[in-house]
Amino acid sequence: MDSILVKGNGALSGTIPIAGAKNACLTLMPATLLSEEPLTLTNAPRLSDIATMTQLLQSLGAEVASLQDGLVLAMSSHNIANHTADYDIVRKMRASILVLGPMLARDGHAVVSLPGGCAIGARPVDLHLQAFEAMGAELDLRDGYVHAKAPGGRLRGAVVNFPFVSVGATENALMAATLAKGTTVLKNAAREPEIVDLARCLRKMGAQIEGEGTSTITIQGVDRLNGATHPVVTDRIELGTYMLVPAICGGEVECLGGTLELVGAFAEKLDAAGVSVTQTERGLKVSRKNGRVHAVDVVTEPFPGFPTDLQAQMMALLCTAEGTSVLEERIFENRFMHAPELTRMGAKIEVHGGTAKVTGVARLKGARVMATDLRASVSLILAALAAEGETVVSRVYHLDRGYERLEEKLRACGAQIERISQ
Ligand code: UD1
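What you see is a predicted model, and the numbers here were worked out from it, not measured in a lab.

Asker: Mind showing me how you'd approach unusual backbone geometry here?
Answerer: For residues that are not glycine, phi is negative in most cases, and the peptide bond is trans in most cases. Of the consecutive residues F303 and P304, the connecting peptide bond is found in the cis state with omega at 10°. Checked against the element boundaries, P304 lands in the loop between β18 (298-299) and α10 (311-318). Although it is not a glycine, Q68 adopts a positive phi angle of roughly 45°. Position of Q68 among the secondary structure elements: in the loop between β4 (63-67) and β5 (72-76). Although it is not a glycine, D143 adopts a positive phi angle of roughly 50°. Mapped onto the fold, D143 is located in the loop between β8 (138-142) and β9 (145-149).

Asker: So what exactly am I meant to see when it comes to the packing of aromatic side chains here?
Answerer: By convention here, two paired aromatic rings are described through the distance between centres and the angle between planes. What the rule picks out here adds up to 2 aromatic pairs. Ring centres of Y242 and Y403 lie 6.5 Å apart, and the angle between their planes is 85°; on these two criteria the pair is classed as edge-to-face. Here Y242, found in helix α8 (residues 236-249), pairs with Y403, found in the loop between α13 (397-400) and α14 (406-411); they are 161 residues apart in sequence, far enough to count as distant. Here the two residues Y242 and Y403 agree in accessibility, since each one is buried.

Asker: What should I look at first to understand the site of the ligand in this one?
Answerer: As a matter of local geometry, the ligand sits amid 18 residues, with D126, L127, S166, D309 and I331 nearest to it. Side-chain polar atom of N23 to an oxygen atom of the ligand: 3.0 Å apart, as the coordinates give it. Taking D126, its side chain carries an N or O atom lying 2.6 Å from a nitrogen atom of the ligand. Contact with the protein chains hides 86% of the accessible area of the ligand, taken as 740 Å² for the molecule alone. When residues of the shell around the ligand are traced back to their parent elements, those giving at least two are α5 (126-134) and α6 (167-178). For the shell around the ligand, a count of residues per class yields 8 nonpolar, 5 polar and 5 charged. Each of domain 1 (2-19 + 234-421) and domain 2 (22-231) contributes no fewer than three residues to the shell around the ligand.

Rules used in this analysis
Residues numbered from 1 in each chain as written. Predicted model: local features only at pLDDT ≥ 70, side-chain atom pairs only at ≥ 80, totals over all residues. Heavy atoms only, no water. Helix = DSSP H or I, 4+ residues; strand = E, 2+ residues; numbered from the N terminus. Phe/Tyr/Trp six-rings, centres within 6.5 Å; stacked < 30°, edge-to-face > 60°. Buried < 20%, exposed > 50% of the residue type's maximum accessible area, 1.4 Å probe, protein only. Near = heavy atom within 4 Å. Polar contact = N/O pair within 3.5 Å; in protein donor to acceptor, adjacent residues only side chain to side chain. Areas by Shrake-Rupley, 256 points an atom, 1.4 Å probe, with all protein chains shown as cover. Nonpolar A, V, L, I, M, F, W, Y, C, P; charged D, E, K, R; others polar. Domains from an automatic or database assignment.

Written out as structure tokens, the structure is:
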């Protein structure tokens, strides 16, 4: 298993190109199952999660070609040869559940393994299933699989009122509704930029959608969808992660392709902590104003609130702030696994349930630490860049799920970071 060795060496400056969003790409790819015609995605990120989704789509009979070094995904699903998404692939990645809606909507039936638990919380799929039931699907949970059928072979439009906001359930229901008979209204829908991107792509494919980016999305079902070419939106989580590099180490980094719209609530917290963020023609320029950052309190919320996927990285920054910060995690119940690892590097963190109290220290110290999930692992890399001495982060396969060419991007800013293959 690979590890990453980091030697903290002061301020970092340079430019970092931000890739297409993993989470947008993972929902745009299953959209290929909605149409017989080709769907081509450009600006795709080169990540292991994308390879897993490719494998899943291929197992269902779709053709997926990775072109231009993985930046372009040319997909085609002339017909769906197999309607069962197998446990062996689904268990690797929760986003696999997103093939259910498109298959059910196009062919009236689908069988998908339940994704099972995940390190950051229980993460059930009940909201996805409730939406399909509202649209007339008959569901049967057997042997760890969801067996779904649409009577008469077609879902029907419905009002779906989500009891709380779910990104995945909104995406799954949105895709399914494009081919349902009649009008679907998704209430209390997620408003994430990845949902807006999905709606834009579906509209290019001929779907009739209004209201994406607000909490009510209205979809008028059509009989068939056509092909399209669509660029994947910028990854706001990768963007936020690299914005933290100059914040935690000092220096100035320009994140190419970044916009304030994508990271509004996060950028406001950086500003309050004493970090300067400015929009340029090419992206976002970030620098630490004077001395140490100040403590700030953070509460994670659905978009446009502070994203849970940046909580671990923000915690790394606040470990070095002047004063005490309180971070409240409201999306996932078990998302502070990075706290004990950061503590090994000299951080002062007390976790009580969904709240972490972080008292900043002047300098973190290098240590051997272990990555526990995707965002937790990158928070350890950020901490290591700012720490005194050497840090070895093990289990970095988590990082490869969500950050392409991480070492290369950081080295371009002067970081001393290398992968140790074992
Ligand atoms: C997506 C993102 C993930 C991000 C999360 C929240 C992808 C591939 N992943 O995950 O990176 O952290 O949004 O921004 O886009 N829930 C239920 N029942 C359901 C669905 C969700 O109880 O049927 C709960 C979850 O356990 C969680 C909360 O709702 O506590 C929000 O989850 P959700 O927004 O659905 O996250 P994902 O779509 O899985």
